[in-house]
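# Survey of secondary and tertiary structure
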Amino acid sequence: MNETLSDKAAQALEWPRLLELLAQHAQSTMGMARCRSLPLSSELIAARIRQQETTEMVRLLGGSEPMPALAFPDIRDVLTRASKGGVLETHELRDCAIVLAMMEEVERYMMGHQIEAHALAQVLEPLHLIKGLRATKLAIKAAIQPDGSIKESATPELRRLTHHAQDLKQEMRLRLDQILHSRRYEEILQESYFAQREGRYVVPVKADMRGRIPGIVHDVSASGATVFFEPRELVELNNSIKVADLEIEREVRRILRELTALVASRSEDIGNGVEALAECDVIRAKAELSHRLKSSPVALNDHGRVVLKQARHPLLMIAKDQVVPNDIVLDETTRVLMISGSNTGGKTVTLKIVGLYALMMRAGLHLPCAPESEMALFTHLYADIGDAQDLSRDLSSFSAHMTQMVQLLSETADRGDSGEPLTPRSLVLLDEPVTSTDPQEGAALAEALLCRLASLNMKVVATTHYGPLKELAQTTSGFANASVEFDVERLAPTYRLFLGIPGGSSALEIAGRLGMDAAILGDARKRLRHEDRRLEDLMADLQHKQHQLAEDTERARQAREEAERAAGEAKALQLRLEDAEQEARKGLKKKLGEQFQRARAEVQATVDSFKREQKLIKAKETKQRLSEMEAQKRQELTPTGEPIPVEQLGVGDAVEIVGLGMTGNLLEAPQGKKRVRVKVGEGELIATVSNLVGLARGLVASTAATSSSSSSSPKRFATSSGLRLDEQTVVDVRGQAADEALDQVVAALDRAALDGAPFLRIIHGHGTGKLKTTLREYLKDSPYVENFRPGDRAEGGDGVTVAKLR
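Heads up: these notes are all about the structure in this document.

Criteria and thresholds
- Residues numbered from 1 in each chain as written.
- Predicted model: local features only at pLDDT ≥ 70, side-chain atom pairs only at ≥ 80, totals over all residues.
- Heavy atoms only, no water.
- Core = buried A, V, L, I, M, F, W, Y, C linked by side-chain atoms within 4.5 Å.
- Buried < 20%, exposed > 50% of the residue type's maximum accessible area, 1.4 Å probe, protein only.
- Contact = heavy atoms within 4.5 Å.
- Helix = DSSP H or I, 4+ residues; strand = E, 2+ residues; numbered from the N terminus.
- Expected span 1.5 Å × (residues − 1).
- Axes fitted to C-alpha atoms, helices over the stretch in contact; angles between N-to-C directions.
- Left-handed = near helix turned anticlockwise from the far one by under 90°.
- Nonpolar A, V, L, I, M, F, W, Y, C, P; charged D, E, K, R; others polar.
- Polar contact = N/O pair within 3.5 Å; in protein donor to acceptor, adjacent residues only side chain to side chain.
- Salt bridge = Lys/Arg side-chain N within 4 Å of Asp/Glu carboxyl O.
- Pairing = 2+ DSSP bridges.

## Topic: the nonpolar core
Judged by nonpolar contacts, the single largest core of 69 residues is most densely connected at M67, M110 and L277. Excluding its chain neighbours within four sequence positions, the residues that come into contact with M110 are M67, A117, L120, A121 and L124. The next biggest cluster of nonpolar side chains, apart from the first, holds 59 residues, and it includes I328, L359, M375 and A383.

So, in structure tokens, the structure goes:
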């Protein structure tokens, strides 16, 4: 067996049919040819790279910006002739321009996708040289029309020569028109038209009158009645036209030589680019086929592990609407898989699936199976499928099969003698080995052959009807049974594969289904040995139980998927409800902020009035109203549970400090006190009892993050004079957005003004300086603030602003 795959094995597996199917998805002639002779990787790394290329192309084709079409002409012969000094024709140069334009387009596309398609970018790396070929492409397009003709504007000289020739021809037409309408020629003309012969203008003259006027005969009609005559008066003008046409032709040849020289100078780079485009077209065909077969990339290995989930035969998927998928497993411990069961049940199809998948993974094709599958790399593949009878060589079916087996063992021995390690990289597919002979001798020979192949560490998949081979697979280490199902009720195969159990041949049932006489079938059953009948019944019972188990497993899988889907829907519904609640809370918070804004205006007006009229009662009433409103709205914003009244709070209980947005734990009982110590993170604050809200027990855990985020507050606040501060005279807005920080500062100013505090210390940090600038701009116009200054070193320096209140 050669690593390149023998023609016999390829034909047995219908590999050429699959390659032809692949070629149908290629867009270029080069791509089609390469698909039909697709190379096979012999190394695992190379196979993985080929598969990755296909995977990336599938992703690109399914994206919003798919790869450009790859229909381009094959210009390899053109490049060879140009490099050898030949002059290219106009249509050949046009093809070169088409290829150069496509190379440029694909290279530009890959530049924008090289990160997501790294393997493809490596394939198309030769296209990077296209930047130096842009001038060649433009020169060709400037001289050649899309239809392959030369442009009149290719050079100024060609334009001049073309116009001169056109003028001469126009003059010729006028002269001819005069001749055709002349009385002198009226009698001798056969018909009133003119023609061209050998590039010269002529008129049809009656043969018997050609001597009436001087001139030259250039042709005679088939009947001989008409001669095509060039009158002497047109000879000089015809000569001028001929000379003009020759001058045009010389100029065109000169242009073509120059353009050919441009192509020839970079023929190697262009050739490499063409090869890259062809390879990219092949990869695109693989991706298109992957989409058509609903295929997936799978894990690859080089230690003989085959785990195919929901595997389907690729050619059957093209021919049929519905194909029964099957699981096929040969793990590291299984060297021989013995498939038994009824005829027409799918045994040979299973053989071909394993063989085709082995070739497809080496070619970089995706496999039509579940993505969690795994396929081994087999560099040597042998397939003995179908009737090998060869009358030309005087070989019977048995002799032909034996000859192939001998050749297989001989090649294996040669590799062993050469020192090549017998790794599990050889796959042998045998369709009913050692048949067409005495069943007992055939079964014994088949057993010996399979044991020998297993001892050589080969992976073997074989089909059989021999009972001893089924018993061998059931009792021998490294062997495993599998069977195709036969529905005894419908008397029809189901094409389902069951691993781990042998199957009966169901020959009598199938014969009956095909119309065999019932009496003959009854007689045949009587002639079966009792042990054989019991074995057939046992295998039928096993298959029935396996069928029930498979159905139960499928129902359980569907139920699990349904439960998972329901759980996912419930989770999604919960998230939507939470989002809706959050949006509602945002709206409520906005409404609360508006109410607070109105209340602040009223408080400020009252404070101003108090300062003018010394009416303390009015200020206290407004303060009380604001506090009541704030408590009410905060209660509305509480997500779950009820707040704990302050009278019921004790040491260690979780509380929220209203206005600061901080949470912490009480360090002392609040009963009978105006202010208490509260532990916030690693520090502590002095908080006014009226500004504390006890958190419900269920909210303690949810507020831990908030407490943690607020724990950056200093452990103890003091002015440069050592005065102790509480939450009424300090606000920490570090790390917040400018708008959020401004809201907190305004709220803190409200409370400080109501409590009669002389100043407010605002901790904003340094950062980029944007937060500090925003807050100080506000303080300049705040009605609460008399003036402000940066903090001194002890207060926190320029990362703190101290506002003196009115």
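Picking up after the structure, the text goes on.
## Considering helix α14 (residues 347-362)
Compared with an ideal rise of 1.5 Å per residue, which puts 16 residues at 22 Å, α14 spans 24 Å between its outermost C-alpha atoms and is within 8% of the ideal. Backbone geometry just after α14 places G364 at a positive phi near 85°.

## Topic: the packing of helix α6 (residues 90-111) against helix α12 (residues 267-293)
α12 packs onto α6 with a crossing angle of 65° between their chain directions and a minimal axis gap of 10 Å. As for the relative orientation of α6 and α12, their crossing is left-handed in sense. Residues V99, L100, M102, M103 and V106 of α6 touch α12, and the partners they reach there are I270, G273, V274 and L277. Of the residues contributing to the contact of α6 with α12, the split by class is eight nonpolar, one polar and no charged.

## A few points about the side chain of S483
With respect to the element layout, S483 can be found in strand β13 (residues 479-487). Judged by its relative accessible area of 0%, S483 is buried. Reaching out from S483, the side chain makes a polar contact with the backbone oxygen of I501 at a distance of 3.2 Å.

## Re the side chain of K137
The residue K137 is located in helix α8 (residues 134-143) in this model. Residue class for K137 comes out buried when judged on its relative accessible area of 8%. A distance of 2.5 Å separates a polar atom in the side chain of K137 from a polar atom in the side chain of E104.

## Here we look at the pattern of salt bridges
Tallying each qualifying case throughout the model produces 31 salt bridges. Measuring nitrogen to oxygen at the nearest pair gives 3.6 Å for the salt bridge that ties E89 to R253. Taken together, the residues span a long stretch of sequence, with E89 in the loop between α5 (76-83) and α6 and R253 in helix α11 (residues 232-265) at a distance of 164 residues. When its relative accessible area of 28% is taken as the criterion, R253 is described as partly exposed. Here E258 and R254 are joined by a salt bridge, their closest N and O atoms 2.5 Å apart. Here R254 and E258 lie together in helix α11, a separation of four residues that amounts to about one turn.

## Topic: the sheet that holds strand β21 (residues 759-763)
Spatially, four strands are ordered β20-β21-β23-β22 in an open sheet, and the strand pairing comes out mixed. Looking at which strands have only one partner, the edges of the open sheet turn out to be β20 (730-732) and β22 (785-790). Direction aside, the axes of adjacent strands within the sheet are offset by 20° on average. Together, β21, β22 and β23 (800-805) form the strand contacts of helix α24 (residues 770-781), whose direction differs from that of β22 by roughly 150°.

## Focus on the sheet that holds strand β3 (residues 215-220)
Sheet architecture is open: four strands sit in the order β1-β2-β4-β3, paired in antiparallel fashion. A single partner strand is all that each edge strand has here, and the edge strands are β1 (195-197) and β3. On average, adjacent strands in this sheet sit at an angle of 50° to one another, irrespective of strand direction. Across four bridges, strand β2 (residues 200-206) lies against strand β4 (residues 226-231) in antiparallel orientation. The residue bridging P204 from the neighbouring strand is F228, located in β4. Contacting β2 and β4, helix α9 (residues 156-180) crosses the sheet at an angle of about 10° to β2. Those strands touched by α11 are β2, β3 and β4, and its axis lies near 75° from that of β4.

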